[in-house]
Amino acid sequence: MSIKQNYKIKPDKLENFISNIYQKCKVSKKHAMIIAKGLVRADVRGVWSHGVVRTSIYCERIFKKVANPKPKIKFKKIQKNILHVDGNNGLGFVTSSLTMNKCVQIAKKNGIGIAGIYNSNHFGMAANYLEIATKNDCIAWVFTASSPALPPHGAMAAHFGTAPFAFGAPTMNKNKPFILDMACSAVARGKLKFAAKSGKKIPYGLALDKFGKPTNDGAKAFEGIMLPFGGMKGAGISWMMDIVGGIFTGANHSGNIKNQFGSNFSGPANVGHFMICLKADLFQNKKEFLKKMKYGIKKVKKLKLAKKFKEILHPGEPEYRKERIILKKGIVLTSDIVQDLNKLAKKLEVKSPF
């Protein structure tokens, strides 16, 4: 198989394939499809680092019995609009999707829905959960704790995670919401992992090797220390994420979350997530809110352009454009990803579409 060869596949076909893989991992059909849709959705939006390339990583945690394929998730009502969720060590896609749907229901009734999740695992692309909210005319914030990858400002050791700061708001076009989903690192950690795997170089300035020297080697970067965006500002946000997603929710924190990419299968990761969901029309009617969103976006787009820019896009718009192309032409997967999926499918006796 040529390393240069690419494969195209329709999203629904890929979803079914990934779902079948997780069902073979003893995940229920309903939960397997939630996971599959979450992974494929990342590829559809062009966020390949959080797409089906991660399929075997999550499966491995199930194989090693450090993630629960059949969680009995418990939703404890703290107040009428606040939930504390025990994920029972289920995959983060499942715990977070079910929780955000409940937050939406609560917000529609009470104006706001809040949930803290513990005993979960890595939940993939944060935008998945923001889209659940925005499609239901809600504003949402999503926070999560994650495994050590970034140093606190002034330190030379990975301690806090690259956890995303994620926010979503509906717009006039329900398929093109305002989605801000950004990691605290200068680059997504997943991209370093896959650069290391494929032997590709990375730009200088994204990470240091384990000796604290700048490197453009993906493998050395992944084994070394990632750098936060914006220096002390990014480092500060990663610390905030650890407090909100870890300490506050009752999950692991302070460098104690096990790395999903690594070989540490000594026990559950106990990842924590925190979600806030608000009705967009909480203070004004929905029509007025959406009208103001349209005005705000339109006004920004009319501003004088900086050099080398042809237009201004709002957060979430680049992904929307990629989505339109991908839905028309299909998802493109490189041969190394297909090889990995086929190897997993063969092991689980799942028919591959490739």
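Structure: above.
Residues numbered from 1 in each chain as written. Predicted model: local features only at pLDDT ≥ 70, side-chain atom pairs only at ≥ 80, totals over all residues. Heavy atoms only, no water.

1. Focus on a nonpolar patch on the surface
Piece 1. Taken together, Trp 239, Ile 243 and Ile 247 make up a surface patch of nonpolar side chains, about 300 Å² in accessible area.
Piece 2. Here Ile 247 is to be found in helix α8 (residues 232-247).
Piece 3. With a relative accessible area of 46%, Ile 247 lands in the partly exposed category. (Patch = residues over 30% accessible without salt bridge, like charges linked within 9 Å, V, L, I, M, F, W, Y side chains within 5 Å. Areas by Shrake-Rupley, 256 points an atom, 1.4 Å probe, with all protein chains shown as cover. Salt bridge = Lys/Arg side-chain N within 4 Å of Asp/Glu carboxyl O. Helix = DSSP H or I, 4+ residues; strand = E, 2+ residues; numbered from the N terminus. Buried < 20%, exposed > 50% of the residue type's maximum accessible area, 1.4 Å probe, protein only.)

2. Considerations on the pairing of strand β10 (residues 271-279)
Piece 1. Of all 9 residues in β10, 8 are buried; the element is thus mostly enclosed.
Piece 2. In the sheet, strand β4 (residues 112-120) pairs with β10 via 7 bridges, with the strands oriented antiparallel. Within β10, the residue paired with Ile 112 across the bridge is Leu 278.
Piece 3. In the sheet, strand β5 (residues 138-144) pairs with β10 via 7 bridges, with the strands oriented antiparallel. Residue pairing across strands places Thr 144 opposite His 273, the latter belonging to β10. (Pairing = 2+ DSSP bridges.)

3. Observations regarding α8
Piece 1. With 16 residues, α8 extends 21 Å between its outermost C-alpha atoms, agreeing within 8% with the 22 Å of an ideal straight helix rising 1.5 Å per residue.
Piece 2. Listed in full, the buried residues belonging to α8 are Gly 234, Ala 235, Ser 238, Met 241, Asp 242, Val 244, Gly 245 and Gly 246.
Piece 3. Against the buried residues of α8 lie β5, β6 (165-169) and β10. (Expected span 1.5 Å × (residues − 1). Contact = heavy atoms within 4.5 Å.)

4. Quick notes on the pattern of salt bridges
Piece 1. Tallied over the entire structure, the rule returns 12 salt bridges.
Piece 2. Where Glu 131 meets Arg 41, a salt bridge forms, and the shortest distance between an N and an O atom there is 2.8 Å. Of this pair, Glu 131 sits in helix α5 (residues 127-134) while Arg 41 sits in helix α2 (residues 29-44); the two residues are 90 residues apart in sequence, bridging distant segments of the chain. Arg 41 shares its class with Glu 131; the two are buried.
Piece 3. Residue Glu 317 pairs with Lys 301 through a salt bridge whose shortest N-O separation is 2.8 Å. A residue pair is termed long-range when its members are at least 10 positions apart, and Glu 317 in helix α10 (residues 317-329) and Lys 301 in helix α9 (residues 286-301) qualify at 16 residues.

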